[in-house]
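These are the residues of each chain, in order.
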Amino acid sequence: MKQSAIYLDHAAAAPLLPAARDALVAALELAGNPSSVHGHGRKLRNLIEAARDQVARLAGAERRQVVFTGSATEAITQAIVGGARAFAASAVLVSAGEHTAVLKAAASTGLPVRAIGLRPDGQIDLDQLAAQLAQADAANETLLVALHWVNNETGVVQPVSRINALVGPTRHTLFIDAAQAFGKLPLDFAASAPDMMAVGGHKIGAPAGVGALLVKSHADEVRLIPGGGQEQGRRGGTEAAALIAAFGAAASAFPELYAAADTSALVSRLENGLNRLGAGVVVFGADRVGSITNFAIPGMASATTMMALDLMGLSVSSGSACSSGKVSSSHVLTAMGVAPELASCALRVSLGWNSSAAEVDALLAAIETILQRHRAKQEHAA
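Residues numbered from 1 in each chain as written. Predicted model: local features only at pLDDT ≥ 70, side-chain atom pairs only at ≥ 80, totals over all residues. Heavy atoms only, no water.

(A) Geometry of the side chain of Thr142. Within the secondary structure layout, Thr142 lies in the loop between helix H5 (126–138) and strand S5 (143–148). Those residues in contact with Thr142 that lie beyond four places of it in its chain are Phe87, Ala88, Ala89, Ser90, Ala91, Arg171 and His172. (Helix = DSSP H or I, 4+ residues; strand = E, 2+ residues; numbered from the N terminus. Contact = heavy atoms within 4.5 Å.)

(B) Region of the structure containing helix H2 (residues 39–59). For H2, which comprises 21 residues, the first-to-last C-alpha distance of 30 Å matches the rise-based estimate of 30 Å (1.5 Å per residue) to within 8%. Among the residues of H2, Gly41, Leu44, Ile48, Ala51, Arg52, Val55, Ala56, Leu58 and Ala59 are the ones counted as buried. Projection of H2 onto a plane perpendicular to its axis shows the buried side chains occupying an angular sector of 155°, all on one side. Pointing more than 90 degrees away from the buried face of H2 are the exposed residues Lys43, Asn46 and Arg57. In this structure, the buried residues of H2 make contact with helix H1 (18–28), strand S2 (66–69), strand S8 (211–215) and helix H7 (241–261). In the stretch just after H2, Gly60 is the one whose phi turns positive, near 65°. (Expected span 1.5 Å × (residues − 1). Buried < 20%, exposed > 50% of the residue type's maximum accessible area, 1.4 Å probe, protein only. Arc of directions from axis to C-beta.)

(C) Layout of the packing of aromatic side chains. In the structure shown here, the tally under the stated rule is 3 aromatic pairs. With centroids separated by 6.2 Å and ring planes inclined at 65°, the aromatic side chains of Phe68 and Phe247 adopt a geometry described as edge-to-face. Residue Phe68 is found in strand S2, and its partner Phe247 is found in helix H7; the two are separated by 179 residues along the sequence. The rings of Phe68, Phe182 and Phe247 are connected pair by pair, giving a single aromatic cluster. A cation over an aromatic ring shows up here: Lys184 above the ring of Tyr258, its NZ or CZ 5.8 Å from the ring centre. Taking NZ or CZ as reference, Lys216 lies 4.5 Å from the ring centre of Phe189, over its face. (Phe/Tyr/Trp six-rings, centres within 6.5 Å; stacked < 30°, edge-to-face > 60°. Lys NZ or Arg CZ within 6 Å of the ring centre and 35° of its normal.)

(D) Geometry of the sheet that holds strand S9 (residues 282–283). Strand order in the open sheet formed by 3 strands is S9-S10-S12, and the pairing between neighbours is antiparallel. The sheet is open, and its two edges are formed by S9 and strand S12 (346–350), each paired on a single side. Strands in contact with helix H8 (residues 263–276) are S9, strand S10 (292–296) and S12; relative to S10, the strand with the most contacts, it is inclined by about 15°. (Pairing = 2+ DSSP bridges. Axes fitted to C-alpha atoms, helices over the stretch in contact; angles between N-to-C directions.)

(E) Structural view of the environment of Val55. Its location among the elements puts Val55 in helix H2. According to the relative accessible area criterion, Val55 is buried, its value standing at 0%. Considering only alpha carbons, one finds Val55 and Leu224, 169 residues apart in sequence, at a separation of 21 Å. The residues touching Val55, leaving out its near neighbours within four places in the chain, are Val66, Phe68, Phe182, Phe247, Gly248 and Ala251.

(F) Spatial organisation of helix H4 (residues 100–108). Of the residues making up H4, those classed as buried are Ala101, Val102, Ala105 and Ala106. Axial view of H4: buried residues confined to an arc of 130°, hence all on one face. For H4, exposure combined with an orientation more than 90 degrees from the buried face picks out Lys104 and Ala107. The elements touched by buried residues of H4 are helix H3 (72–86), strand S3 (91–95), strand S4 (113–116), S5 and strand S6 (173–177).

(G) Molecular detail of the sheet that holds S3. The strand order across the open sheet formed by 7 strands is S2-S8-S7-S6-S5-S3-S4, and the pairing between neighbours is mixed. Two strands in the sheet have a free side with no partner beyond their single neighbour: S2 and S4. Neighbour-to-neighbour, the strand axes of the sheet open up by a mean angle of 20°, direction not taken into account.

(H) Up close: unusual backbone geometry. The phi dihedral of Gln232 is positive, around 55°, even though this residue is not glycine. Looking at Gln232, the relative accessible area reads 44%, which means it is partly exposed. A positive phi angle, near 55°, is found at Asp287, a position not held by glycine. Relative to the elements of secondary structure, Asp287 occurs in the loop between S9 and S10.

(I) Examining the packing of H2 against H7 more closely. At a minimum axis distance of 8 Å, the contact between H2 and H7 shows a crossing angle of 35°. The two elements H2 and H7 cross, and the hand of that crossing is left-handed. Listed contacts from H7 to Leu44, Leu47, Ile48, Ala51, Gln54, Val55 and Leu58 of H2 are Ala241, Ile244, Ala245, Phe247, Gly248, Ala249, Ala251, Ser252 and Pro255. Here the residues of the contact of H2 with H7 are counted per class, giving 13 nonpolar, 3 polar and no charged. (Left-handed = near helix turned anticlockwise from the far one by under 90°. Nonpolar A, V, L, I, M, F, W, Y, C, P; charged D, E, K, R; others polar.)

(J) Geometry of the side chain of Gln230. Tracing the sequence through the fold places Gln230 in the loop between S8 and H7. Judged by relative accessible area, which is 12%, Gln230 ranks as buried. Of the polar contacts made by the side chain of Gln230, one reaches the backbone nitrogen of Gly237; its length is 3.1 Å. (Polar contact = N/O pair within 3.5 Å; in protein donor to acceptor, adjacent residues only side chain to side chain.)

In structure tokens form, the structure reads like this:
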């Protein structure tokens, strides 16, 4: 059963949008440095500033609040490492379900890193958050709180409005990793509590290699890469004008295409189809973004299932792609209290702007074939 190649891993990187490709190619035709004052430089600068407007619009930010970076990971690192220094943080507070980029950035600050747990439904334990804030206040400590909006493995949407209410009125600094929320949920950065927020281009159909850190004016001194004054001195290095232009084009084109794809309906179609297989499928997490499902078929190891699906021409994952291609146990599912033997069977399917019902049906047919083979082997072994 060989399928034509079907891509179902949008949470790792969305396919390049045609509008982003066109913007990229057009910008690559231009020569010059966007910091130069001559005509060639001004053309590139205009592309960057137009993209700044486009990204700001999608993020609900003011244009000056957008600092272009080389990736969401760089933006995360600038916010946490640079923020810990700029705000003289005593410790970094994260959740046990953060992306590896957040956890490693927190560790690299050299400060104590404190973790709050996840509930079985995948949401951050807000009682633990409130307790940590109270303890820090009692000890006269200043925290840098670094939490995610949408979990990259399960798609669980965190209660950001309640997080904002807990952290916003305090002296503590709040950073939100919004890489998986950008373009899918209204961020409204300018009018909300977070001091900083990270977004990335390749999650919404821009090329890899470009992201942005959103910063409020009081966080303007959060720096990481010194240089020649680019991005108003907030991120050194000649801007990648072509990548930034493509990012802006993607920010403009993505929302309409994503809405038209109706990924929530497709995810429901997939999960209903999995349930009809009668294999005791377990779906992890509640209140999800609508484009991600993380599920397990007990007894079918994810590594084996992924390999079989790949041979059939279907690309899915077992979680985050930022682990050097390794298949390992999920710290997110562990934090949710999922048993190791079930977590080892977890698969993540993530859909996006060009996903279709036909692709979902092809995946279901492939999983049914794999399940039949698995059952036949079990019967033979018995």
